[in-house]
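Structural overview for review
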Amino acid sequence: MAEDQVIVGLEVHCQLDTKSKLFCGCSTDYRDDGPNTHVCPVCLGLPGAMPVLNKRSIEYAMKVAKALNCTVLHESEFSRKNYFYPDLDKAYQITQYDKPLAEGGYLEIESDEGGERRIQLTRIHVEEDPGRLVHMGNAERGKYSLVDYNRAGIPLIEIVSEPDMRSPKEARKFLNKLRATLEYLSVFDSDKEGSLRVDANISIKGNERVEVKNITSYKGVEKALTYEVTRQKNLIRRGVRIERETRHFIESTGITQSSRSKEQEHDYRYFPEPDLRPLHVQSWVAGIVLPELPDARRERFVAQYGCSLNHARTLTGELKLANFFEKIVAADPQGLSTLAATWIADTLIGELNYRSMSLDSVDAAQFTELVDILKQGSITDKSGIEVLRIMLDQHMKNEPAEAPAAIVSRLNLAKTSGDTGIITAAINEAITENPKALEDYFAGKGGALNFLVGHVMKKTRGKADPGELNRMLVEALKKKEA
Amino acid sequence: MESYELTFEPDDRYNAFLAVCKKAPYGKGKLSGIAVAVKDNISTRGIETTCGSKILKGYIPPYDAHVVELLRNSGAAIVGKTNMDEFGMGTTTENSAFGPTLNPCDTGRVPGGSSGGSAAAVASNMVPMALGTDTGGSIRCPAAFCGIVGLKPTYGRVSRFGLIAYSNSLEQIGPMGQTVSDISTLMQVIAGKDRKDSTSYDRPYTHTPVADIKGLKIGIPGEYFGEGVDPKVAGVVKTAIDRLEELGATTVPCSIPSMKFALAAYYVTCTCEASSNLARFDGVRYGPGADPKKSWHEAYKEVRRAGFGTEVRRRIMLGTFALSSGYYGKYYAKAQVARENVKADFARIFSEVDLIAGPTMPSIAFKLGEKSDPLSMYLSDILTVPANLAGIPAISVPCGKAEGMPVGLQIMGRSFDDERVIDAAYAYEQAVN
Ligand SMILES: [Zn+2]
């Protein structure tokens, strides 16, 4: 381990995608509804109300435990974590403390050096989400907060890793892999706002560790940790001792801030929740049937579709993406797999990210048609990208969707092969307009040919097949030379 | 369901009621038209429920406790909410924020607690039966002091859903009445599994009391007649036990050595749980509101300081301390070990006897203001807390008088043997009346 080795451990909280809350029958589908509309005496913490455990949430958590190779304990129990905060209606959170649902386990990620690396897990436990504060007003007119208990009681699973990650990038990979695994298990919906929260422990070898709280996005993890690595290394370089402390990540600025106040140093006074019986669910493990998980699917993509390892990794890294790929190639796996993998992994993802669009907005049938057109070789890759961009832009602007074939014909993008007249004309024009390049070419300067190719491409608006264009240009130049 | 109305205008000279329903609706069923009073820590939809505390003044629950729903379904008329020591924390009902309840047998004395309002309402004939709750003797103590019958059922036999928790692992809702038959009738209505209370068991009560204890073996623990027990009370209870022998039971002496630690285990457990249970009273959702102009923690402090009485604050602080980091093992964990020892002692005794009998309380009802020092008040729970620690059923049935005040005979049984406990009390009651 290098002298300034970075050491990272994560605590990941994910909302389990059950229909009802962890301890009452209230619906978890609250995001489009008004505040305090999905509440009852139990999740409002009204005096006298008692929790009743939602069995489904334990089944979900156990699926995760099994998929992550954890050991489900013979007996686990719920405990109360006591602290005051206005979003916490009972002034305690029902969570698991010294008897969690499961312990141990691991998750494999692609290491920075290539290959797979095992990140060991400490434990998995189940707990309830608190409510949510909405801050109102401003400095002049008085600040105040409103509280919404719709979120109170949503089941959370907390997955705690060992400090096994060696870089912010690995932490992000761990998180992405974890997300994929949870999605494959159909227990988690990463699209739901606020469905994931991460606390990270980070230290530089031989120094105290710092806990960074309040990270709420996948990108945020890498950002927060990268900031911390720089901050901590700078302090060490200046000879300042790193304090063991809790810091908060500020998503908007990308920095972490010390939460220095004493009030943050809680003594949670854990004790077993007397209103719930201990859990004895170890025997359920054998009956849990796991679906195909990301690693298995990745290997299958390589074997079945001949995907490259990198493409397979990208495609199976998200459940939706993997499903999308298989939908596209379903009709013609032999003919479409390689093209589809390339176009989805190398092009589509980038274009979607650029537009902040989700895969849901891509019509699989239309995308299949595009890949099919590309397979027939009737348009160039460059035109393919143009068509794809038009399709995405139309969707984004809510314009009627045009079929790829219609776009090709409207913009006259079909390759000009067979119509060599247009290419010949373009070549002649390019040669006439660039006597210097011609000279350079004859003088044996390598860049000149590419320069001329570029000009011809521009004149044919990318419709010319690059191979054909090249051949014709070289021929024309030979004629000139002769 | 047909609905009728019961007019209820009691002469409440004992301050037994905190809320009275002058026109109490009722329906058809086993308890049709019978006036039932409900302790004020049991949630009643539409009727103010305060736990005898200022911090819940004005709180009107939007839902019924499971037992209240069962009472309504069986036709009972819920006629009011009865006074109690604040959140059940007391043995006299003097700790109510709304003034003490007086003992109908002697208004210069306390009715016992914490279900003192329910006991006084029954003892003064304002109602034939009532619900109380028993965390460490809170049904049996006032039953003994006021000369009525009160049962703490087996833990888990009656749903606690809607009972405003003081100490979840110890407390049970139970019946209080003028006769053992009334107790049995109420049990028929309120016992059984409730899926809203995960600690409740599927053990409904369908029994009708039988006055027959022939051949039963009754253990008499030496600790129940030892130091701290008023000899006059002990004498009355011994006579009652002789009566049980005359009825065909045999008695054997026994011992509960773990009783040495019972009170400590009890007070650590209940204060720990209470410190957590009572943390939710912050003025944000119900009760007197927090000042929105103050920061939340300032507002919380203000609401809680003004809302809780002295004894409640004392127990919250004790529990908070006992659970705090570094002390958990010394107090809470140790208390649970002591509790297991109490259970083990009872298990051992019950492998040889069917029932255990002794006094309910070590003395007759205290004079108002007599127990001003908290420790001496805690000591008076010594004979009732073992049943709560072990979760076993225990009944108090009137068995005579000392210094003109009622004395209670306590009969305890195995877990889920509530029927046998009731039968023994019934046999005694039938024999002496
Ligand atoms: Zn709810």
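Treat the numbers as computed from the prediction; the structure is a model and nothing was measured.

**Some remarks on the packing of helix α7 (residues 333-355) of chain A against helix α9 (residues 381-396) of chain A**
All names here are of chain A.
- The contact between α7 and α9 brings their axes to 11 Å, and the two run at 40°. Two packed elements cross with a definite hand, and for α7 against α9 that hand is right-handed. Contacts between α7 and α9 involve Trp-343, Thr-347, Leu-348, Glu-351, Leu-352 and Arg-355 from the first element and Asp-381, Gly-384, Ile-385, Leu-388, Arg-389, Leu-392, Asp-393 and Met-396 from the second.
- Across the contact of α7 with α9, the residue classes tally to seven nonpolar, two polar and five charged.

**Let's talk about the layout of surface pockets**
- In this structure, the second largest pocket encloses a volume near 740 Å³.
- In terms of lining residues, the second largest pocket is bounded by 26 residues, among which Pro-274 of chain A together with Tyr-155, Ser-169, Arg-339 and Lys-343 of chain B are the most central.
- Of all the elements in the fold, those that place two or more residues in the lining of the second largest pocket are α9 (332-350) and α11 (385-390) of chain B.
- Per-class residue counts for the lining of the second largest pocket are 13 nonpolar, six polar and seven charged.

**Some thoughts on the interface of chain A and chain B**
- On the chain B side, the residues contacting the 32 residues of chain A number 41 residues.
- For the pair chain A and chain B, the summed buried surface comes to about 2,900 Å²; carbon and sulfur atoms form 58% of the total.
- Summed over the shared surface of chain A and chain B, the result is one salt bridge.
- Residue Arg-160 of chain B is joined to Asp-275 of chain A by a salt bridge in which the shortest nitrogen-to-oxygen separation is 3.0 Å.
- Our count for the contact surface shared by chain A and chain B stands at 17 residue pairs in polar contact (both at pLDDT 80 or more).
- When contributions to the side of chain A that touches chain B are tallied by element, the ones reaching two or more residues are β3 (79-82) and β15 (271-272) of chain A.
- Its residues assigned to classes, the side of chain A that touches chain B shows 21 nonpolar, three polar and eight charged.

**What to know about the sheet that holds strand β7 (residues 149-152) of chain B**
Residues and elements named next belong to chain B.
- Strand order in the open sheet formed by eleven strands is β2-β5-β4-β6-β8-β7-β12-β13-β11-β9-β10, with mixed pairing between adjacent strands. Because the sheet does not close on itself, it has two edges, and the strands there are β2 (17-20) and β10 (250-254). Within this sheet the neighbouring strands show an average axis-to-axis angle of 30°, counted without direction.
- The sheet contact formed by strand β9 (residues 217-221) and β10 spans five bridges and is parallel. By the bridge assignment for β10, Pro-221 is matched with Cys-254.
- Lying on the sheet, helix α5 (residues 231-246) is in contact with β9, β10, β11 (355-359), β12 (394-402) and β13 (405-413); it crosses β13 at an angle near 55°.

**Notes on the coordination of the zinc ion**
Residue and element names in this part refer to chain A.
- Ligation of the zinc ion by protein atoms is provided by Cys-24 (SG), Cys-26 (SG), Cys-40 (SG) and Cys-43 (SG), these donors lying 2.3 to 2.4 Å from the ion.
- Note that the zinc ion binds four donor atoms; their angles at the metal cover 101 to 115°, and the shape is tetrahedral.
- Expressed as a motif, the donor residue spacing for the zinc ion is C-x1-C-x13-C-x2-C. Linking Cys-24 in the loop between β1 (6-15) and α1 (55-67) with Cys-40 in the loop between β1 and α1, this pair joins segments that are 16 residues apart in sequence. The exposure classification of Cys-24 matches that of Cys-40, with both residues buried.

**Here's the deal with the sheet that holds β15 of chain A**
All names here are of chain A.
- Here three strands make up an open sheet; going across it, the order is β4-β3-β15 and the pairing antiparallel. Of all the strands in the sheet, the pair left with one neighbour each is β4 (92-95) and β15.
- Examined bridge by bridge, β3 and β4 share four bridges and lie antiparallel to one another. Residue pairing across strands places Arg-80 opposite Ile-94, the latter belonging to β4.

**With respect to the nonpolar core**
- Judged by nonpolar contacts, the single largest core of 254 residues is most densely connected at Leu-10, Phe-174, Phe-325 and Phe-367 of chain A together with Leu-71, Phe-87 and Leu-409 of chain B.
- If you count residues domain by domain, this core takes at least three from each of domain 1 (6-287) and domain 2 (294-403) of chain A.
- Not counting chain neighbours up to four residues away, the residues in contact with Phe-325 of chain A comprise Phe-301, Tyr-305, Cys-307, Leu-315, Ser-337, Ala-340, Ala-341 and Ile-344 of chain A.
- Judged by nonpolar contacts, the second largest core, of 18 residues, contains Ile-423, Val-456, Leu-473 and Ala-476 of chain A.

**Examining the pattern of salt bridges**
- Overall, the coordinates contain 66 salt bridges over all chains when judged by the stated rule.
- Here Glu-128 of chain A ties to Lys-90 of chain A by a salt bridge, and the two come within 2.8 Å at their closest N and O atoms. Of the two residues, Glu-128 of chain A is situated in strand β7 (residues 116-128) and Lys-90 of chain A in the loop between β3 and β4; the sequence distance between them amounts to 38 residues.
- Glu-128 of chain A gets classed as buried once you look at its relative accessible area, which sits at 7%.
- On the accessibility criterion, Lys-90 of chain A (9% relative accessible area) is buried.
- A salt bridge links Asp-194 of chain B to Lys-196 of chain B, with the nearest nitrogen and oxygen atoms 3.1 Å apart.

**A few points about the packing of helix α12 (residues 435-442) of chain A against helix α14 (residues 466-481) of chain A**
Residue and element names in this part refer to chain A.
- Axis separation between α12 and α14 bottoms out at 11 Å; the angle between their running directions is 80°. The orientation of α12 with respect to α14, classified from their angle, is roughly perpendicular. Of the residues in α14, those touching α12 at Leu-438, Tyr-441 and Phe-442 are Val-474, Leu-477, Lys-480 and Glu-481.

Definitions and limits used
Residues numbered from 1 in each chain as written. Chains lettered and ligands numbered in written order. Predicted model: local features only at pLDDT ≥ 70, side-chain atom pairs only at ≥ 80, totals over all residues. Heavy atoms only, no water. Axes fitted to C-alpha atoms, helices over the stretch in contact; angles between N-to-C directions. Helix = DSSP H or I, 4+ residues; strand = E, 2+ residues; numbered from the N terminus. Left-handed = near helix turned anticlockwise from the far one by under 90°. Contact = heavy atoms within 4.5 Å. Nonpolar A, V, L, I, M, F, W, Y, C, P; charged D, E, K, R; others polar. 1 Å grid on protein atoms, 1.4 Å probe; cavity = no way out; pocket = protein on both sides within 12 Å on 5 of 7 lines; lining within 4 Å. Points joined across faces, edges and corners; volume = space filled by probe spheres on them. Buried area = accessible area lost by both parts, 1.4 Å probe. Salt bridge = Lys/Arg side-chain N within 4 Å of Asp/Glu carboxyl O. Polar contact = N/O pair within 3.5 Å; in protein donor to acceptor, adjacent residues only side chain to side chain. Pairing = 2+ DSSP bridges. Donors = N, O, S within 2.8 Å, 3.2 Å for Na, K, Ca; no water. Tetrahedral: all angles 85-135°; square planar, octahedral: opposite > 155°, others 65-115°. Buried < 20%, exposed > 50% of the residue type's maximum accessible area, 1.4 Å probe, protein only. Core = buried A, V, L, I, M, F, W, Y, C linked by side-chain atoms within 4.5 Å. Domains from an automatic or database assignment. Parallel < 35°, antiparallel > 145°, perpendicular 65-115°, else oblique.

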